[in-house]
Amino acid sequence: MQQSIRAAGLFEADGCDRAKKKKKNHLYSGIHGDTSMGSERVEMRKRQMQVHQEAAASVLQARHRMGNTPTNASNACCFCWCCCCSCSCLTVRSEDETIQRSTFEHRTEGTTNCEESPKPTLEDARSWSVSFEKVMKSAAGRGCFRQFLRTEFSEENMMFWLACEELKKETNKTVVEEKVRQIYEDFISILSPKEVSLDSRVREVINRNMLEPTSHTFDDAQQQIYTLMQRDSYPRFINSTAYTDLLKSLEEPPPPEP
């Protein structure tokens, strides 16, 4: 009887040891897997930061050739004008640069909603449902669509597209390079609250273009954002109550004159 109890106890202890070893191995595997995934994320982040730093260096060189090197350019860590690092001098901006930025943003933002943009005709508003191109070619269409994007927290897509359109109209090289810098800060930098969603291929194209900034530096990025709005936001806009209500308001006969 005692031998049976002793044997059962040994069997139970052996089972517990095996369970502990199995749990330990499983825990090690989980930790190893998490570490591996974490390493991948870190490497991806490093590559992304490297991409932005290369862009920073290229534009800084361009500004240096122009004799317009920022006062903090001697600081090796500070490519702050393109938001490639999070050092404290990101907050440093000259008064002239602040004025230029506010003027530039005022021009690129333009109208912000249907009420402030030119009132469309019923025919014009109906044509928006035919194609996204009809919306973007209409000042009233862009205003109404931008207001809709604001409700979806993606207004920066339209703002970026408009900024690129303004850039294409510029011919002065000095102004072009300044606008390129501002667009990069506002919509390309990973530290910007208005950063647009671009894939790695387009970001690499931007970095190459930044070596010699032109009015077409962001053409590929602009096309990608245009396609994103067309495929993602435009169908929802056409089916939205905002668009339906606009059509109804335009269909209603005007009130009789007194």
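Scope of this entry: the structure provided in the associated data block. All figures in this text were calculated on a predicted structure; none of them were measured in a lab.

Before going further, it helps to spend a moment on the overall build of the protein. Each helix and strand counted, the protein has 10 helices and zero strands in total. Its helices and strands taken in sequence order, the protein reads α-α-α-α-α-α-α-α-α-α from the N to the C terminus. Residues counted as buried form 38% of the 258 residues belonging to the protein. Across the protein, every contact between residues at least 6 apart in sequence was considered, and the portion connecting residues at least 24 apart equals 65%. Roughly 16,200 Å² of accessible area belongs to the protein as shown, and the carbon and sulfur atoms make up 54% of that amount.

The next point concerns helix 7 (residues 173-188). Every α-helix winds through 3.6 residues per turn, so residues three or four apart in the chain are directed the same way. Counting buried residues along helix 7, 13 of its 16 residues qualify, which places the element largely inside the surrounding structure. The distance from a side-chain oxygen at the start of helix 7 to the backbone nitrogen of Thr 174 is 2.9 Å, and the residue carrying that oxygen is Asn 172.

So, on to the nonpolar core. Of all hydrophobic cores here, the largest spans 41 residues; its most connected members are Trp 128, Phe 145, Phe 160, Ile 206 and Phe 218. Put simply, the parts of the chain that give this core at least two residues each are helix 4 (132-137), helix 5 (139-151), helix 6 (155-169), helix 7, helix 8 (200-209), helix 9 (219-238) and helix 10 (241-251). For this core, the leading source of residues is helix 6, giving eight residues. With sequence-adjacent residues up to four places away left out, Phe 160 is seen in contact with Ile 183, Phe 187, Ile 188, Val 196, Phe 218, Ala 221, Gln 222 and Ile 225.

Attention now goes to the packing of aromatic side chains. Remark: the centre distance and the inter-plane angle together describe each pair of aromatic rings, the angle taken between the planes. Overall, the coordinates contain 10 aromatic pairs when judged by the stated rule. Taking the centre distance of 6.4 Å and the plane angle of 35° together, the rings of Trp 161 and Tyr 226 count as tilted. Taken as a pair, Trp 161 in helix 6 and Tyr 226 in helix 9 lie far apart in primary sequence, 65 residues in all. Neither Trp 161 nor Tyr 226 differs from the other in exposure class; each is buried.

To continue, consider the packing of helix 6 against helix 7. It is the contact of helix 6 with helix 7, at a shortest axis distance of 11 Å, that shows an interaxial angle of 170°. Taken together, the axes of helix 6 and helix 7 lie roughly antiparallel to each other. Where helix 6 approaches helix 7, its residues Glu 156, Met 159, Phe 160, Ala 163, Cys 164, Glu 166 and Leu 167 are matched on the opposing element by Val 176, Lys 179, Val 180, Ile 183, Phe 187 and Ile 188. Among the residues forming the contact of helix 6 with helix 7, the class breakdown is 10 nonpolar, no polar and three charged.

Turning to unusual backbone geometry, a few remarks are in order. A positive phi angle, near 60°, is found at Phe 153, a position not held by glycine. Tracing the sequence through the fold places Phe 153 in the loop between helix 5 and helix 6. What makes Phe 153 exposed here is its relative accessible area of 73%.

Here we take up the pattern of salt bridges. Here the structure, examined in full by the defined rule, presents 13 salt bridges. Put simply, Arg 181 and Glu 178 hold a salt bridge, and the shortest N to O gap is 2.5 Å. Pair noted here: Arg 181 and Glu 178 are both in helix 7, with a separation of three residues, about one helical turn. The burial state of Arg 181 is the same as that of Glu 178; both residues are buried. The partner of Arg 181 in a salt bridge is Glu 185, with the nearest N and O atoms 3.0 Å apart. Placement of the pair is Arg 181 and Glu 185 together in helix 7, with a separation of four residues, close to one helical turn. Where salt bridges share partners, they join Arg 146, Arg 150 and Glu 155 into one cluster.

Cut-offs used in this document
Residues numbered from 1 in each chain as written. Predicted model: local features only at pLDDT ≥ 70, side-chain atom pairs only at ≥ 80, totals over all residues. Heavy atoms only, no water. Helix = DSSP H or I, 4+ residues; strand = E, 2+ residues; numbered from the N terminus. Buried < 20%, exposed > 50% of the residue type's maximum accessible area, 1.4 Å probe, protein only. Contact = heavy atoms within 4.5 Å. Areas by Shrake-Rupley, 256 points an atom, 1.4 Å probe, with all protein chains shown as cover. Polar contact = N/O pair within 3.5 Å; in protein donor to acceptor, adjacent residues only side chain to side chain. Core = buried A, V, L, I, M, F, W, Y, C linked by side-chain atoms within 4.5 Å. Phe/Tyr/Trp six-rings, centres within 6.5 Å; stacked < 30°, edge-to-face > 60°. Axes fitted to C-alpha atoms, helices over the stretch in contact; angles between N-to-C directions. Parallel < 35°, antiparallel > 145°, perpendicular 65-115°, else oblique. Nonpolar A, V, L, I, M, F, W, Y, C, P; charged D, E, K, R; others polar. Salt bridge = Lys/Arg side-chain N within 4 Å of Asp/Glu carboxyl O.

Nothing here speaks to function; it is geometry throughout.
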